[in-house]
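# Analysis of the macromolecular model
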Amino acid sequence: MAQLNLEPPKALIIHCGDPRFQKAFREFKSEKLGLEEGQYIPLIVPGSVASLCVGTFLPKNLKIMREQIELLLKHYATERIILINHEGCRSYGAMVAKLQHVLTSDVNAKQMEDLEFAAGLIRQISQRYGAHPKVELYMARVRKEDGEIVFERIGVG
Ligand SMILES: [Zn+2]
């Protein structure tokens, strides 16, 4: 039985709900980011930050996700924001396919760009609530040799 956790969360973490990656995400959060369940707010959405970045083309997705993030950051001024995209993301693939007439870049390049773009957007939202969180960006990739999922740090936030 668990009791109500009254500790304020240290981080907001956004990643995809792809079941093939959940175990790797959980291990990464605990072992590499040093965050245990209850110490962070998990925002698990298909395609991770994708909806924040295709707003011009899919405004409904953008609006919903933006509102969720605003609400969370308004209530919890977390010190860290961690955004993770992953290789072979079907949600991303579907979105890019839908937007093929406007997007020329490949999915991987788009995912990398989107992490940076989403970081900027979330920073703006945080600042509106007087917070200046550290934004960390990661790309989860499947290592060819052994199928192990490795996390590549993108840029520095
Ligand atoms: Zn995915």
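Residues numbered from 1 in each chain as written. Predicted model: local features only at pLDDT ≥ 70, side-chain atom pairs only at ≥ 80, totals over all residues.

Strand order in this open sheet of 5 strands is S2-S1-S3-S4-S5, and the pairing throughout is mixed. Looking at strand neighbours, the two that pair on one side only are strand S2 (40-44) and strand S5 (149-154), the edges of this open sheet. For this sheet, the mean angle separating the axes of adjacent strands, direction not counted, is 20°. Alignment of strand S1 (residues 11-15) against S2, held across 5 bridges, turns out to be parallel. When the sheet's bridge partners are listed, histidine 15 is paired in S2 with isoleucine 44. (Pairing = 2+ DSSP bridges. Helix = DSSP H or I, 4+ residues; strand = E, 2+ residues; numbered from the N terminus. Axes fitted to C-alpha atoms, helices over the stretch in contact; angles between N-to-C directions.)

Attention now goes to helix H1 (residues 22-32). Because each turn of an α-helix spans 3.6 residues, side chains separated by three or four positions end up pointing in the same direction. Listed in full, the buried residues belonging to H1 are Phe25, Phe28 and Lys29. Taken down its axis, H1 places every buried residue within 95° of arc, on the same side. Exposed side of H1, more than 90 degrees from the buried face: Lys23, Glu27 and Glu31 are the residues found there. Buried residues along H1 sit in contact with S1, S2, strand S3 (80-86) and S5. Backbone geometry just after H1 places glycine 34 at a positive phi near 70°. (Buried ≥ 20, exposed ≤ 12 C-beta atoms within 10 Å, placed from the backbone. Arc of directions from axis to C-beta. Contact = placed C-beta atoms within 7 Å.)

Here the focus is the pairing of S3. Counted residue by residue, S3 has 6 buried out of 7 residues, so it is predominantly covered. As paired elements, S1 and S3 share 4 bridges and run parallel to each other. Across the sheet, residue alanine 11 finds its bridge partner in S3, namely arginine 80. In the sheet, S3 pairs with strand S4 (residues 134-142) via 7 bridges, with the strands oriented parallel.

Between two packed helices, both the angle of their axes relative to each other and the distance between the axes serve to describe the pair. Put simply, helix H3 (residues 59-75) and helix H5 (residues 107-128) touch, their axes get as near as 9 Å, and they point 40° apart. On the basis of the axis angle, H3 is oblique to H5. For the element pair H3 and H5, the recorded crossing hand is right-handed. Along the contact surface, H3 presents Ile69, Glu70 and Leu73, while H5 presents Ile122, Ile125 and Ser126. A breakdown of the residues in the contact of H3 with H5 according to their chemical character gives 4 nonpolar, 1 polar and 1 charged. (Parallel < 35°, antiparallel > 145°, perpendicular 65-115°, else oblique. Left-handed = near helix turned anticlockwise from the far one by under 90°. Nonpolar A, V, L, I, M, F, W, Y, C, P; charged D, E, K, R; others polar.)

Confidence along the protein averages 91 in pLDDT terms, with 94% of residues attaining 70 or more. The secondary-structure element of the protein with the lowest mean pLDDT is helix H4 (residues 90-98), recorded at 82, while H1 shows the highest, at 98. (pLDDT = per-residue confidence, 0-100.)

We now examine the environment of glutamine 100. Here glutamine 100 lies in the loop between H4 and H5. Linking glutamine 100 and leucine 58, residues 42 residues apart in sequence, is a C-alpha distance of 13 Å.

Our focus in this paragraph is the environment of asparagine 85. Tracing the chain through its elements places asparagine 85 in strand S3. Residue classification places asparagine 85 among the buried residues on the basis of 28 C-beta atoms within 10 Å. With near-sequence residues (within four places) excluded, asparagine 85 lies in contact with Ser48, Val49, Gln111, Asp114, Leu115 and Met139.

Let's shift gears to the nonpolar core. The biggest cluster of nonpolar side chains holds 33 residues, and the ones touching the most others in it are Val49, Ile81, Leu83, Ile84, Ala118 and Ala119. Broken down by secondary-structure element, the contributors of at least two residues to this core are S1, H1, helix H2 (50-53), H3, S3, H4, H5 and S4. Residues contacting leucine 83, with those up to four places away along its chain left out, are Ile14, Ser48, Val49, Leu115, Ala118, Ala119, Val135 and Leu137. (Core = buried A, V, L, I, M, F, W, Y, C linked by C-beta atoms within 7 Å.)

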